[in-house]
Amino acid sequence: MKTFAFVFPGQGSQSVGMLDGWGDHPVVVQALQEASDALGENVGQLIKDGPKEVLALTTNTQPVMLVAGVAAWRVWRAEGGALPAAVAGHSLGEYSALVAAGVLTLAQAAPLVRLRAAAMQEAVPVGTGAMAAILGMDSAKVIAGCAEALASFGPGTSEVVEAVNFNDPIQTVIAGTKAGVDKACEVLKAAGAKRTLPLPVSAPFHSSLMKPAAEKLRAALADVALAAPQIPVLNNVDVAVQQDADAIRDALYRQAFGPVRWVECVHALKARGITHIIESGPGKVLAGLTKRIDPELVGGAIFDPASLAETRELLA
């Protein structure tokens, strides 16, 4: 079998009915039940029926993406799939990776990600923060453009704009105050960015404006017992594998207001001898990024029985 890693998507890959392809697969039913019990609501119904606008609320999106990623992982294992050489997750997906590695139970993780989502939403009033994807530009130029945009506001400004998601070599997401992001988009467009695309999100995730949310998350994490990872988990914030519970807690705390270093994560997985990266959960966003980050790596995805069968063949 090929040397492979499992990776878990974050916010943005959700869709109404995203688990329908699994039908009544018992481990998917069980995962939905565990999350529902932990949150005190019917998570399966929320995913099945939506509506889309309700599913897109950050406080709903984060728990449903967690359970969707974990469900696909559990199907893989229940159907005889081998353990990967490592796991990782994009932003929120890191919580799914920690569940897969046995660090957290799904029952522990679901309330944690809901708290994380609520704290992020409360940290910045709706409409005052923004995010935008910068396409067709090297990340170093994006960082420089953000600095130039900030400088234009003068010394002591309260505006914020930062590079927060390094998704592929020429796709970087920026976040901050609305005025800061708008100015950076203007500067970056003039500097040659192919496209600056405002994102339909309700908060400037992974920016320094999320520090108040991170403090709430840190307090909650302190009360959660973490088990030793059964599989190496590569984190976003340091691009590192941690074994110690306190180090894992600290990385999750800093991840809330630190950038997602996905390009480096994929390179680090390859450096561990991994040749195939399998996305566990709805969509193929990370599989697409894998190909753009390193064409030598093979990307796959598991989100229904057909894609599970394809992945088996891919890894055989």
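Higher on the page you've got the structure.
Residues numbered from 1 in each chain as written. Predicted model: local features only at pLDDT ≥ 70, side-chain atom pairs only at ≥ 80, totals over all residues. Heavy atoms only, no water.

Asks: Honestly, the nonpolar core in this entry has me stumped. Any pointers?
Replies: Buried together is how nonpolar side chains tend to be arranged in soluble globular proteins. In this structure, F6, L66 and L104 are the most contacted members of the largest nonpolar core, which totals 69 residues. The greatest single-element share of this core, amounting to 11 residues, is contributed by helix 4 (residues 58-78). Excluding residues that lie within four positions of it along the chain, L104 makes contacts with Y95, L98, V99, A109, L112, V224 and L226. Within the second largest apolar cluster, 19 residues are counted, among which are V7, A88, V260 and L286. (Core = buried A, V, L, I, M, F, W, Y, C linked by side-chain atoms within 4.5 Å. Buried < 20%, exposed > 50% of the residue type's maximum accessible area, 1.4 Å probe, protein only. Helix = DSSP H or I, 4+ residues; strand = E, 2+ residues; numbered from the N terminus. Contact = heavy atoms within 4.5 Å.)

Asks: Explain the sheet that holds strand 3 (residues 129-135) to me, please; I cannot follow it from the model alone.
Replies: Note on sheets: strands pair through backbone hydrogen bonds, and any given pair is parallel or antiparallel. Strand order in this open sheet of four strands is 4-5-3-6, and the pairing throughout is antiparallel. Strands at the two margins of the open sheet, each flanked by one partner only, are strand 4 (161-168) and strand 6 (195-198). The mean inter-strand angle of the sheet, taken between neighbouring strand axes irrespective of direction, is 25°. As judged from the four bridges shared by strand 3 and strand 6, these two strands associate in the antiparallel manner. Residue pairing for strand 6: I134 is matched across the bridge by T196. Here helix 12 (residues 285-293) sits on the sheet in contact with strand 4 and strand 5 (171-177), set at roughly 85° to strand 4. (Pairing = 2+ DSSP bridges. Axes fitted to C-alpha atoms, helices over the stretch in contact; angles between N-to-C directions.)

Asks: Please clarify how the state of the cysteines should be interpreted in this entry.
Replies: Among covalent bonds in proteins, the disulfide is the one between the sulfur atoms of two cysteines. With the rule as written, the count across this model stands at zero disulfides. Of the cysteine sulfurs around C146, a residue in no disulfide, the closest is that of C185, at 8.6 Å. Unpaired in terms of disulfides, C265 finds its nearest cysteine sulfur in C146, a separation of 20 Å. The class for C265 is buried, based on a relative accessible area of 1%. (Disulfide = S-S within 2.5 Å.)

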